[in-house]
Amino acid sequence: MNIILLGAPGAGKGTQAEKICEYLGIPTISTGNIIRAALKSGTEMGLKAKAYTESGALVPDEIVIGIIKERLAEDDCKRGFILDGFPRTIPQAEALDKMGVQIDKVIDIEVPDEKIIGRMSGRRVCGNCGASYHLEYKRPKVDGLCDLCAGALVQRKDDHPDTVKARLEVYHKETEPLKDFYSKQGKLAIVEGQEEVSETTALVFKEIGE
Ligand code: ADP
Ligand code: ZN
């Protein structure tokens, strides 16, 4: 099954992607994580993307489309995949169609802006491996340390409140039109983000028929 997770930054796409990944045994492809890894290891693509991500802007379509093309060509995607954070613009969605990638289901996780701004302040990531946590919703076993690698947890630069507002504006302008795009293809399902992560997961699983 090939799934796209849509939704504002901080709506919980990454968390739900992990659950689906565990359950269906298909990989999650997060353009955000791929870009952050490139930034960290200082590759050419990372250097190109740096200024955009730090200000909350989108990285140019051609760069992320290139990332996705390469990643989807890998063997582990043959049995299905979950796209988290891609597509984020109409041209990106059109590029997927052009590549001949069949999408089965697009799940849009809806969370109001005010809630997102509150939630994002609690978000932390592992500075070493990139795993994500939340001070309220997904606490690490030991405060400040990653469960997986014991790396120090840090706040992403783009999770600071002003940047979050900029990212939400970009989301409404550039990404939200994708709801219409996929609704016309008959693939869109809307899930209201719940207070409890597990409740959202239950709604998501219902949509993918599990
Ligand atoms: P979030 O946690 O807000 O969903 P991500 O981790 O997916 O954010 O992405 C972080 C940043 O990486 C974005 O703000 C953007 O600058 C860049 N990025 C990720 N995916 C895309 C994409 N599909 N198109 C353009 N830029 C992207
Ligand atoms: Zn870690």
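Data block above holds the structure.
In this text the structure is predicted, and so the values were computed from the model without any measurement.

Colleague: Any chance you could explain helix α5 (residues 90-99) here in plain terms?
Modeller: Each full turn of the α-helix corresponds to 3.6 residues, which orients residues three or four apart in the same direction. When α5 is considered as a whole, its buried residues turn out to be Gln92, Ala93, Ala95 and Leu96. Buried residues of α5, seen end-on, are gathered within an arc of 155° and therefore sit on one face of the element. Buried residues in α5 make contact with β1 (2-7), α4 (61-72), β3 (81-84) and α8 (177-184). A positive phi of about 80° marks Gly100, the residue just after α5.

Colleague: How should the coordination of the zinc ion (ligand 2) be read in this particular structure?
Modeller: Ideal geometry at a metal centre: 109.5 degrees between donors when four sit tetrahedrally, and 90 or 180 degrees when six sit octahedrally. Protein-derived coordination of the zinc ion (ligand 2) comes from Cys126 (SG), Cys129 (SG), Cys146 (SG) and Cys149 (SG), at a distance range of 2.3 to 2.4 Å. Around the zinc ion (ligand 2), the four donor atoms sit at angles spanning 95 to 118°, and that spread fits a shape best called tetrahedral. The buried category is assigned to Cys146, whose relative accessible area is 5%.

Colleague: What am I meant to see in the nonpolar core here?
Modeller: Soluble, globular proteins show a tendency: their nonpolar side chains are buried together. Residues Ile4, Leu72, Phe81, Leu83, Leu96 and Tyr182 are the most contacted members of the largest nonpolar core, which totals 25 residues. Looking at this core, the elements with two or more residues in it are β1, α4, β3, α5 and α8. Broken down by element, the residue count for this core peaks at six residues, all from α4. Residues within four places of Phe81 in sequence aside, it is in contact with Met1, Asn2, Ile3, Ile26, Pro27, Ile29, Leu72, Val101 and Ile103. The next biggest cluster of nonpolar side chains, apart from the first, holds 20 residues, and it includes Ile107, Val111, Ile116 and Val164.

Colleague: Looking at this model, I keep getting lost on the site of ligand 1. Mind explaining?
Modeller: Every one of the 19 residues lining ligand 1 counts as a neighbour, but Thr31, Ala57, Gly85, Arg123 and Arg167 are closest to it. Take Gly85: an N or O atom from its main chain is 2.8 Å from a nitrogen atom of ligand 1. Isolated, ligand 1 exposes 550 Å² of accessible area, and the fraction of that covered by the protein chains is 96%. Looking at the shell around ligand 1, its residues break down into seven nonpolar, five polar and seven charged.

Colleague: Would you mind showing me how to read the environment of Ala131 here?
Modeller: Mapped onto the elements, Ala131 comes out in the loop between β5 (123-126) and β6 (132-134). For the pair Ala131 and Glu22, spaced 109 residues apart in the sequence, the C-alpha separation amounts to 15 Å. Apart from the residues within four sequence positions on either side, Ala131 is in contact with Arg124, Val125, Cys126, Cys146 and Leu148.

Colleague: Looking at this structure, I do not really get the packing of helix α2 (residues 31-41) against helix α3 (residues 44-55). What am I missing?
Modeller: For any two helices packed against each other, the geometry is given by the interaxial angle and the distance between the axes. Where α2 contacts α3, the two axes come as close as 8 Å, and the packing angle between them is 115°. In terms of orientation, α2 lies roughly perpendicular with respect to α3. Considering how the two elements wind past one another, α2 and α3 form a crossing that is left-handed. Residues Ile34, Ile35, Ala38 and Leu39 of α2 form the contact with α3, whose own contacting residues are Met45, Gly46, Ala49, Lys50 and Thr53. The residue inventory of the contact of α2 with α3, partitioned by class, reads six nonpolar, two polar and one charged.

Basis of the calculations
The residue numbering used here restarts from 1 in each chain and proceeds along that chain's sequence as written. Just so you know, chain letters begin at A and ligand numbers begin at 1, following the order they were written in. Local features in a predicted model are, by the rule used here, given only for residues with pLDDT of at least 70; side-chain atom pairs are given and counted only at 80 or more, and totals for whole chains, interfaces and linings are based on all residues. The side-chain values count all of the structure's non-hydrogen atoms but skip hydrogen atoms and water molecules. Type-normalised accessible area, obtained with a 1.4 Å probe on protein chains alone, sets the label of each residue: buried when under 20%, exposed when over 50%, and partly exposed for intermediate values. Comment: elements are numbered from the N terminus, with helices defined as DSSP H or I runs of at least four residues and strands as E runs of at least two. The reported arc concerns the directions from the helix axis to the C-beta atoms and nothing else. Contact criterion: two residues are considered in contact whenever any of their non-hydrogen atoms come within 4.5 Å of each other. A donor here means an N, O or S atom no more than 2.8 Å from the metal, or no more than 3.2 Å when the metal is Na, K or Ca. Since water is not included, a site may seem to lack partners. Under this scheme a four-donor centre is tetrahedral when all angles range from 85 to 135 degrees, a four-donor centre is square planar and a six-donor centre octahedral when opposite donors are above 155 degrees with the rest from 65 to 115, and any other centre is irregular. Among the buried residues, those of types Ala, Val, Leu, Ile, Met, Phe, Trp, Tyr and Cys that are joined through side-chain atoms within 4.5 Å form a nonpolar core. Being near a molecule or strand, for a residue, means having at least one of its heavy atoms within 4 Å of it. Any N or O atom pair separated by 3.5 Å or less is treated as a polar contact, with the protein-specific requirement of one donor-capable and one acceptor-capable atom, and with residues adjacent in sequence counted only for side-chain atom pairs. We get accessible surface area from the Shrake-Rupley algorithm with a probe of 1.4 Å; when it comes to residues, only the shown protein chains can shield them. Only Asp, Glu, Lys and Arg are considered charged in this grouping, and only Ala, Val, Leu, Ile, Met, Phe, Trp, Tyr, Cys and Pro are considered nonpolar; every other residue, Gly among them, is considered polar. Lines fitted to the C-alpha atoms define the axes, with helices restricted to the stretch that makes contact. Angles between their N-to-C directions range from 0 to 180 degrees. Angle categories are assigned with fixed cut-offs, so that under 35 degrees is roughly parallel, over 145 is roughly antiparallel, 65 to 115 is roughly perpendicular, and the rest are oblique. Put simply, a crossing is left-handed when the front helix is turned counterclockwise from the back one by less than a right angle, and right-handed when it is turned clockwise.

Without other data, these values stay purely geometric and don't point to any function.
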